[in-house]
Amino acid sequence: MKRILSRKLTIREMVLFLFMPAVLAAVLICGGVSYLLVSRQLRDNTFSNAVDIVSQLQMNLNYRLDDIYEKYEGFLRGSAMERLFAGSADVDQLQGELDTLYASRSQMLDSVLLAVTMPEQSFSVFSGPDGCSPSPDISEKTLISARTIDSLTPGRVYWSNLHEDALLTRTQPARTALLYSLVRENGVSALLVFQIREDFFRELLSQARITEHGYLSLLSADGEMVFKEVVPDNTLTQEDMDRILSASSRASFRTRSASGKRLLVISEPLPPTDWQILAVFPEKEILGAARLIKYVYFYGAVLLVLLTIAVSNLFSRIFSLPIQEWIKNVQSAERGCPDVTFPNTNCEEIAVLNDGLQALFQKMSEMVQHIEREHQHKRELEMAILQAQINPHFLYNTLYSIQQLYGMGENQTASKMVGDLSNFFRLSLSKGRELIPIRDEIEHLKSYMSIQQIRYDQISYELSIDERIMDLNIIKLTLQPLLENAISHGLFTARRGHIQVKGRMTEEGIVFKVRDNGSGMAPEALEQLNHALQNGDWAALPSAYGIKNVHQRIQLYCGPSYGLSYESESDKGTTVTIHISSDL
């Protein structure tokens, strides 16, 4: 080991120490694939077993019900029924044949009933257990499994699921399945009903066991026959039941119960009925036998992981320590630390990368500093240009007014105006600062308005500034150009002009509003101005350089979400809203 550590290692040599994770990955993959194959095989076996159970149940029921159906058809074609439809009813012969039929199939049949309606008479013939007799009020309106007798289609054979018997008078209530039909010939109506025992179906459906919560049932349009308590999570939705009833052959599919539980369903038609045999069981129970394998695999994998970690820990440290040091230095460089030093390492390839990155980061640091200096210089130039565009414009207008005053002989007024102008420019200089307290900006504004009130004696103004913002910073010459614009364009034709200046703090920053009662703006001009403020398209507004300069200076300092916006109505006045950051 010392011999290995005494020289620089290649990455290829270090990777060799990682064979343990490779072995572990192979074991995990092989184990996982094995588990999946075993689970699939168990699932297929369980599914195949369920299919076999359904098929066996279908064969048993089909054999028994075919036999009952043949007896049913045989009785209808017997000599006693032929004589009945010929008009010469032999009640004793009918009773005898019914008793013989019932005795031969009493293990399946609960009772056999024949209700006859002839032009001259009506009677019932019955064969069944002691204590039972036909209801005396059987008529065309009698319900049989939710159908009245007169609604039955003559000659059609009906099968009905389990129901409470309403045709017989019993000492104890009973549930039976029905095989029945209505036959009409030569004015004679005969209703033949075979009632099949509930116990017959219970025995067959309860014999087979699929899974702990799986169950077998007989499904028909008029109900479902199931003899196991089914939890709500394992019941089928009505949509799935309709899908099963419409199938004409064996079907199997995955579905979800109403509560979202995954179920496996196998169905198979049961001739000669219109019923379906169902096997329903939760999907997770199929893999119940695979749980032991899963646990053995899991704990074995955990043990192998721990062993592999312990064996490969030393080798991974040899490789990871220089890499970690490299990452730490790279992250330090990303945070802007200019003096990044990469230590020596025993890995030859990493040492080469260290030297290259050392030179690269040094060049990058120099480039960043150069770009920052250029950016600062560019910003200062932009601000100087914008400032230069504002100051000469105001100076020109004021000097022109002073010249007019002297020309009119208003020397004292002109002298005051010169004093106000001096104070105005003293505040404008602000010792070279671009950001000044709002308090100074307001004083600057007062000096400006004093000059303008000399020029225009019909102009008044009102200041309402929240004291909480007075010591916060603002870009100098933000408010004055807007008042100048209001006087020049809004109040020039006003008989008595008035300007309100309000300032307050909001959650989004500092907001000033400059409102005048001048002539206002036409809707088209207002829309054009706000469009220029939002999109920077000033080509159609060459005379709005004062507004443009203020807006651009605010966005240079505060960002694109700040600046100016205008509201105006013709002959009512204009309001400009100035939104700046409170963090200047």
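Reading the values: the criteria
Residues numbered from 1 in each chain as written. Predicted model: local features only at pLDDT ≥ 70, side-chain atom pairs only at ≥ 80, totals over all residues. Heavy atoms only, no water. Phe/Tyr/Trp six-rings, centres within 6.5 Å; stacked < 30°, edge-to-face > 60°. Buried < 20%, exposed > 50% of the residue type's maximum accessible area, 1.4 Å probe, protein only. Lys NZ or Arg CZ within 6 Å of the ring centre and 35° of its normal. Salt bridge = Lys/Arg side-chain N within 4 Å of Asp/Glu carboxyl O. Helix = DSSP H or I, 4+ residues; strand = E, 2+ residues; numbered from the N terminus. Polar contact = N/O pair within 3.5 Å; in protein donor to acceptor, adjacent residues only side chain to side chain. Pairing = 2+ DSSP bridges. Expected span 1.5 Å × (residues − 1). Axes fitted to C-alpha atoms, helices over the stretch in contact; angles between N-to-C directions. Contact = heavy atoms within 4.5 Å.

**Student:** Help me understand the packing of aromatic side chains, please; the structure alone is not making it clear to me.
**Tutor:** The description of two aromatic rings rests on the distance between their centres and on the angle between their planes. According to the stated counting rule, one finds six aromatic pairs in the structure shown. An angle of 70° between the planes, with centres 5.0 Å apart, marks the rings of Phe200 and Phe201 as edge-to-face. You'll find Phe200 and Phe201 in the same group, each marked buried. Sitting over the ring of Phe253, Arg243 keeps its end group 3.8 Å from the ring centre.

**Student:** Even after reading the chapter, I still don't get the pattern of salt bridges, so can you show me in this structure?
**Tutor:** Oppositely charged side chains can pair when the atoms bearing their charge come close. The final tally for this structure, using the stated rule, is 13 salt bridges. Arg170 is the partner of Asp110 in a salt bridge, and the nearest nitrogen-oxygen pair spans 2.3 Å. Residue Asp110 is located in strand β1 (residues 109-117), and its partner Arg170 is located in the loop between β7 (168-169) and β8 (175-185); the two are separated by 60 residues in the primary sequence. Across the pair Glu198 and Arg202 runs a salt bridge whose closest N-O atoms are separated by 3.1 Å. Of the two residues, Glu198 and Arg202 both sit in helix α6 (residues 198-207), four residues apart, roughly one turn of that helix.

**Student:** It is not clear to me how the side chain of Arg170 should be interpreted in this structure. Could you clarify?
**Tutor:** The exposure class assigned to Arg170 is buried, which follows from its relative accessible area of 18%. A polar contact is formed between the side chain of Arg170 and the side chain of Asp110, at a distance of 2.3 Å. A polar contact of 2.7 Å, which involves the side chain of Arg170, links it to the side chain of Asp165.

**Student:** Looking at this model, I keep getting lost on the pairing of strand β18 (residues 497-506). Mind explaining?
**Tutor:** Each regular strand shows side chains that alternate between the opposite faces of the sheet. In terms of strand pairing, strand β16 (residues 459-465) meets β18 through seven bridges, oriented parallel. By the bridge assignment for β18, Tyr461 is matched with Ile499. In this structure, β18 lies alongside strand β19 (residues 509-516), joined through eight bridges in antiparallel fashion. Within β19, the position partnered with Val501 by the bridge is Val514. Connecting β18 to the antiparallel partner β19 that follows it, the hairpin turn spans two residues.

**Student:** Just checking my understanding: could you explain helix α14 (residues 545-558) for this structure?
**Tutor:** In an α-helix, one turn spans 3.6 residues; hence positions three or four apart end up facing the same way. Its 14 residues give α14 an end-to-end C-alpha distance of 20 Å, which sits within 8% of 20 Å, the value for a rise of 1.5 Å per residue. Among the residues of α14, Ile547, Asn549, Val550, His551, Arg553, Ile554 and Cys558 are the ones counted as buried. Positive phi appears at Gly559, one or two residues downstream of α14, with a value of about 115°.

**Student:** I tried to follow the pairing of strand β11 (residues 223-226) on my own but got confused; where do I start?
**Tutor:** Taken together, the four bridges between strand β10 (residues 215-220) and β11 define a ladder with antiparallel strand orientation. Bridge pairing in β11 links Leu219 to Glu224. Hairpin connection, β10 to β11: the antiparallel pair is bridged by two residues.

**Student:** Where do I start with the sheet that holds strand β21 (residues 573-580) in this structure?
**Tutor:** The strands that make up a sheet pair up through hydrogen bonds in the backbone, lying either parallel or antiparallel. Strands sit in the order β16-β18-β19-β21-β20 across an open sheet of five strands; the sheet is mixed. The open sheet has two free edges, formed respectively by β16 and β20 (563-569), since each of these has just one partner strand. When the angles between neighbouring strand axes are averaged without regard to direction, this sheet yields 15°. Of the strands in this sheet, β20 and β21 touch α14, which is tilted by about 140° from β20.

**Student:** What is the right way to look at unusual backbone geometry in this model?
**Tutor:** As a rule of thumb, non-glycine residues mostly have phi less than zero, and peptide bonds are mostly trans rather than cis. Note that the residue after Pro271, namely Pro272, is joined by a cis bond; omega there is 5°. By secondary structure assignment, the location of Pro272 is in the loop between β13 (262-270) and β14 (275-282). Residues other than glycine seldom take positive phi values, yet Asn186 does so here, at roughly 55°. Position of Asn186 relative to the elements: it lies in the loop between β8 and β9 (188-197).

**Student:** Looking at this structure, I do not really get the sheet that holds β8. What am I missing?
**Tutor:** One open sheet holds the five strands; their spatial order is β2-β1-β9-β8-β6, and the pairing between them is antiparallel. Only two strands of the sheet have a single partner each, and these edge strands are β2 (122-127) and β6 (157-164). Strand after strand, the sheet turns through a mean of 20° between neighbouring axes, direction not considered. In terms of strand pairing, β6 meets β8 through six bridges, oriented antiparallel. Paired with Tyr158 across the bridge in β8 is Tyr180. Sheet strands touched by helix α5 (residues 91-104): β1, β2 and β9. Its angle to β2, the strand with the most contacts, is close to 25°. Where α6 meets the sheet, it contacts β6, β8 and β9, and its direction lies at approximately 40° from that of β9.

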